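Descriptive structure summary
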Amino acid sequence: MKVLVCGGAGYIGSHTCVALIEQGQEVVIYDNLCRGTLAAVDHVRQLSGAQVRFVQGDVRDRGTLETLLATGFHAVIHFAALKIMSESCQYPLAYFDNNVTGTVALLQAMRATGVQQLVFSSSAAVYGDPETVPITEEAPLRASNPYSHTKLVMEQLIGEVCDARPSFSAAILRYFNPAGAHPSGLMGEDPCGLPTNLMPYVSQVAAGMHPRLSVFGGDYPTRDGTGVRDYIHVMDLADAHVRALDVLQHGGCHVLNLGTGRGYSVLEVIAAFERVSGCRIPYEIVARRVGDVAEVWADTSRAEKALGWHAQYDLLRMCADAWRWQSMHPQGCQSSQPIEAQRQASIG
Ligand code: UD1
């Protein structure tokens, strides 16, 4: 299969590209590099040993997408979205434009070129504050901020396209909390600026980049008072995308939770990270973060059945791989090589 990976130079996208190539698929990466990096593209090439084509472009650019898709693709995997909740509250229009307008343009380009299979990157953020855990795909959807609202609108749009065109099939994958890195240490999460997510922040504290971690809230109704989440290794997510492409051969619109089915508190993540890294993670419990919920973890039975998949990697492994990546990239990927040098080396 030939697969267009929109947002393939990002964290989950780059890991998925390597997994796809390892399974014998041909991959073209399409990314505007607003959050993805050329270093990630290079690492995909290095790890897969393939001459992966990279096209720098925006998912809102329907013309370029159409020209590209017209060269013959079987499927698209769509990761190209902005994902920082706090940023989305500041810039709701930019979030709707990039995420929703981009998805409309992509769907139009797919229709124009007859590409009928889509794997879409969604998020457990669509569940908002869940009534019960574990969360099944049937749980009520409640977008409580512009970011999760864009995910919900994109999901609905894709579902409606599936309804309107029986030949079109989609897998909507709702990620819980992606974490970890490629076992080689070459690829990992490279947040631009100060990380907002827990795992990259913990890694940077371990690396001495920040004096301590602020733990947002110690008074949640959880086992130790801190927030509980379902962390899922990025390698397990990548594997699920490869399997989702197989499922699409049989048609349909599939909405699937991707998690481990197990929740860990912030203090448990800190303890696991300290154990694998041998570093102390100083922390202080501060006020709750606006928009945070007490506990979120997935019922993964539908994904297990549909994809013949379940998460292989545990929390210790996520921490160990995140730490390896952090140790090998003390300043992140972008600064490991001057950006202009990356640009010249990588754009084919
Ligand atoms: C966050 C976003 C969510 C997005 C997801 C994936 C918010 C409110 N939610 O989810 O929209 O889909 O990331 O990108 O931003 N924590 C700390 N200290 C920190 C960072 C986090 O204590 O410095 C805690 C949080 O309170 C939470 C847990 O760690 O209990 C996980 O946080 P995070 O990694 O930001 O993920 P979510 O809040 O689940």
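Residues numbered from 1 in each chain as written. Predicted model: local features only at pLDDT ≥ 70, side-chain atom pairs only at ≥ 80, totals over all residues. Heavy atoms only, no water.

A word on the site of the ligand
Inclusion rule: The rule for a residue being near a molecule or strand is that one of its heavy atoms must lie within 4 Å of it. Under the rule applied, a polar contact is a pair of N or O atoms within 3.5 Å (in protein, one hydrogen donor and one hydrogen acceptor; residues adjacent in sequence only if both atoms are side-chain atoms). Reported accessibility uses the Shrake-Rupley method at a 1.4 Å probe radius. Residues are deemed covered only where the shown protein chains occlude them. Helical segments are the DSSP runs of H or I of at least four residues, strand segments are the runs of E of at least two, and each set is numbered from the N terminus. Under the scheme applied here, ten amino acids are nonpolar (Ala, Val, Leu, Ile, Met, Phe, Trp, Tyr, Cys and Pro), four are charged (Asp, Glu, Lys and Arg), and all others, including Gly, are polar.
Neighbouring the ligand are 18 residues, the closest being Leu-198, Ser-214, Arg-229, Arg-289 and Asp-292. Within the side chain of Asp-292, one N or O atom sits 2.6 Å away from an oxygen atom of the ligand. Relative to its unbound accessible area of 750 Å², the ligand is 89% covered by the protein chains. At four residues, the largest contribution of residues to the shell around the ligand is made by strand β8 (residues 213-216). Across the shell around the ligand, the residue classes tally to nine nonpolar, six polar and three charged.

Points about the environment of Met-1
How we decide: The contact definition used throughout considers only heavy atoms, calling two residues in contact when any of these lie within 4.5 Å.
Among the secondary structure elements, Met-1 is positioned in the segment before β1 (2-6). Along the sequence, Met-1 and Leu-20 sit 19 residues apart, while their C-alpha atoms lie 9.5 Å from each other. The contact partners of Met-1, leaving out residues within four places of it in the chain, are Gln-25, Glu-26, His-74, Ala-75, Gln-117, Leu-245 and Gln-249.

Remarks on the sheet that holds strand β6 (residues 169-175)
Neighbouring strands of a sheet are bound in pairs by backbone hydrogen bonds; such pairs are parallel or else antiparallel. Under the convention used in this document: Pairs of strands are assigned from DSSP output, requiring at least two bridges between the strands. As a rule, the C-alpha atoms of each element are fitted with a line to give its axis, helices using only the stretch in contact, and angles between N-to-C directions run from 0 to 180 degrees.
The strand order across the open sheet built from seven strands is β3-β2-β1-β4-β5-β6-β11, with neighbouring strands paired in parallel fashion. In the strand order of this sheet, the two ends are held by β3 (53-56) and β11 (253-258), each with one partner. Ignoring strand direction, the axes of neighbouring strands in this sheet form an average angle of 20°. As paired strands, strand β5 (residues 117-123) and β6 are joined by seven bridges and run parallel to one another.

Notes on the environment of His-74
On the secondary structure map, His-74 appears in the loop between α3 (62-69) and β4 (75-78). Considering only alpha carbons, one finds His-74 and Val-115, 41 residues apart in sequence, at a separation of 6.1 Å. Excluding its chain neighbours within four sequence positions, the residues that come into contact with His-74 are Met-1, Lys-2, Val-115, Gln-116 and Gln-117. Within polar-contact distance, the side chain of His-74 engages the backbone nitrogen of Lys-2 at 2.8 Å.

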